[in-house]
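Tertiary structure, described
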Amino acid sequence: MKRYFIPFALLCASLAFASCSDSEDNEINTPIEEVVPGTNHRVLVAYFSEPLPDGVDANTSASRVIVNGDLYGSVEYMAIVISDATGADRVRIQTATPYPGNFDDLASQADNERQNGIHPALATEIENFDDYDVIFVGYPIWWYQMPMAMYSFFDAYDFAGKTLIPFSCHGGSGWSGTVDDIAGMEPRATMVDGYSISRNSVAGSENGIREWLQRIGMLEQQ
Ligand SMILES: Cc1cc2nc3c(=O)[nH]c(=O)nc-3n(C[C@H](O)[C@H](O)[C@H](O)COP(=O)(O)O)c2cc1C
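The structure reproduced in this document is the subject of the present report. No experiment lies behind these values; they were computed from the predicted model shown. (Residues numbered from 1 in each chain as written. Predicted model: local features only at pLDDT ≥ 70, side-chain atom pairs only at ≥ 80, totals over all residues. Heavy atoms only, no water.)

What follows covers the overall build of the protein. When you go through the protein residue by residue, the secondary structure sums to five helices and 10 strands. For the protein, the proportion of its 222 residues judged to be buried stands at 46%. Carbon and sulfur atoms form 44% of the exposed surface of the protein, whose accessible area is close to 11,200 Å². (Helix = DSSP H or I, 4+ residues; strand = E, 2+ residues; numbered from the N terminus. Buried < 20%, exposed > 50% of the residue type's maximum accessible area, 1.4 Å probe, protein only. Areas by Shrake-Rupley, 256 points an atom, 1.4 Å probe, with all protein chains shown as cover.)

Right, here's the structure in full:
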């Protein structure tokens, strides 16, 4: 198969402003709670990442990235930076049947899933999903959209009332409309501005990711 992708050329603002009055004479004001990311609300980083495990020169393949001698998937690396910076829990979204470990088979399976609308079964189960109110969702761009496993992920959980923050890595296609896709599937979630980078920039992306987290009010206070 042709290696087509080279030319691709909170805010969770207020959890807090609940106030009410009872029917009697006392007005009860719930104290305003300041939102401090990583402390008084629960943050999860859920990500899908499929670095190619073999047969690929890690120095030239951008489907994985080496930082300080350690090997990561591109989105995996972004997820680690985000969870370290925000104090979030982190979980990898994995399919029940692992994807092939070589590019051609992976690309053709991903294309088949996409063309046939297949939502693959997931191995990942997040039992305490309801405990989280802010969820970073990370994925690579596959065939100009999210991997179909991400659709399985959105099928599996109820995001109503939650804050959703997308992040993504690509080979040149940018977001490819995926933020709108998520917003369309999760109309009752609050979407916050996400972060998307080229796989060529992942290794040096930590500062940029932290600046974005600061902008959206999610950088954990030190
Ligand atoms: C099956 C497959 C399809 C891809 N399709 C696209 C695409 O349509 N547009 C794009 O910009 N990059 C595409 N890429 C490149 C990935 O988005 C990029 O390598 C990303 O960094 C992979 O992240 P990961 O290492 O965390 O899995 C594709 C990669 C694969 C494996």
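That shown, we press on.
What follows deals with the pattern of salt bridges. Per the counting criterion, the structure on display carries four salt bridges. One salt bridge in this structure joins Asp111 and Arg114, with 2.6 Å as the shortest N-O distance. With Asp111 and Arg114 both in helix α2 (residues 103-115) and three residues apart, the pair spans about one turn of that helix. Owing to a relative accessible area of 16%, Asp111 belongs among the buried residues under this scheme. Exposure remark for Arg114: the relative accessible area of 29% places this residue in the partly exposed category. Put simply, Arg42, Asp89 and Asp131 are held in one network by salt bridges that share partners. (Salt bridge = Lys/Arg side-chain N within 4 Å of Asp/Glu carboxyl O.)

Moving on: the nonpolar core. In summary, soluble globular proteins display a tendency toward joint burial of nonpolar side chains. Formed by 33 residues in total, the largest nonpolar core has its most connected members in Leu44, Ile126, Val137, Met150, Phe153, Phe154 and Phe159. For this core, the secondary-structure elements that each account for two or more residues are β3 (43-47), α2, β7 (134-140) and α3 (148-156). In terms of residues, this core owes the most to one element, α3, which gives six residues. Once you skip the residues sitting within four places of it in the chain, Phe159 turns out to touch Phe129, Ile135, Phe153, Phe154, Leu164, Glu186, Arg188 and Ala189. Counting 30 residues, the second-largest nonpolar core is a separate cluster that includes Val75, Tyr77, Val81 and Ile165. (Core = buried A, V, L, I, M, F, W, Y, C linked by side-chain atoms within 4.5 Å. Contact = heavy atoms within 4.5 Å.)

Moving on, we get to the packing of helix α1 (residues 74-86) against helix α5 (residues 206-215). Running from N to C, α1 and α5 point in directions that differ by 50 degrees, and their axes come no closer than 10 Å. When the axes of α1 and α5 are compared, the pair comes out oblique. α1 and α5 meet at a crossing whose hand is right-handed. For the pair α1 and α5, contact is made by Tyr77, Met78, Val81, Ile82, Ala85 and Thr86 and by Glu206, Ile209, Arg210, Trp212 and Leu213, respectively. Each residue belonging to the contact of α1 with α5 can be placed in one class, and the counts come to eight nonpolar, one polar and two charged. (Axes fitted to C-alpha atoms, helices over the stretch in contact; angles between N-to-C directions. Parallel < 35°, antiparallel > 145°, perpendicular 65-115°, else oblique. Left-handed = near helix turned anticlockwise from the far one by under 90°. Nonpolar A, V, L, I, M, F, W, Y, C, P; charged D, E, K, R; others polar.)

Taken as a whole, the second largest cavity holds about 30 Å³ of empty space. Along the walls of the second largest cavity sit Ala110, Glu113, Arg114, Trp142, Trp143, Gln145, Met146, Pro147 and Met148, which together make up its complete lining. The element contributing the most residues to the lining of the second largest cavity is α2, with three residues. When its residues are assigned to classes, the lining of the second largest cavity shows six nonpolar, one polar and two charged. (1 Å grid on protein atoms, 1.4 Å probe; cavity = no way out; pocket = protein on both sides within 12 Å on 5 of 7 lines; lining within 4 Å. Points joined across faces, edges and corners; volume = space filled by probe spheres on them.)

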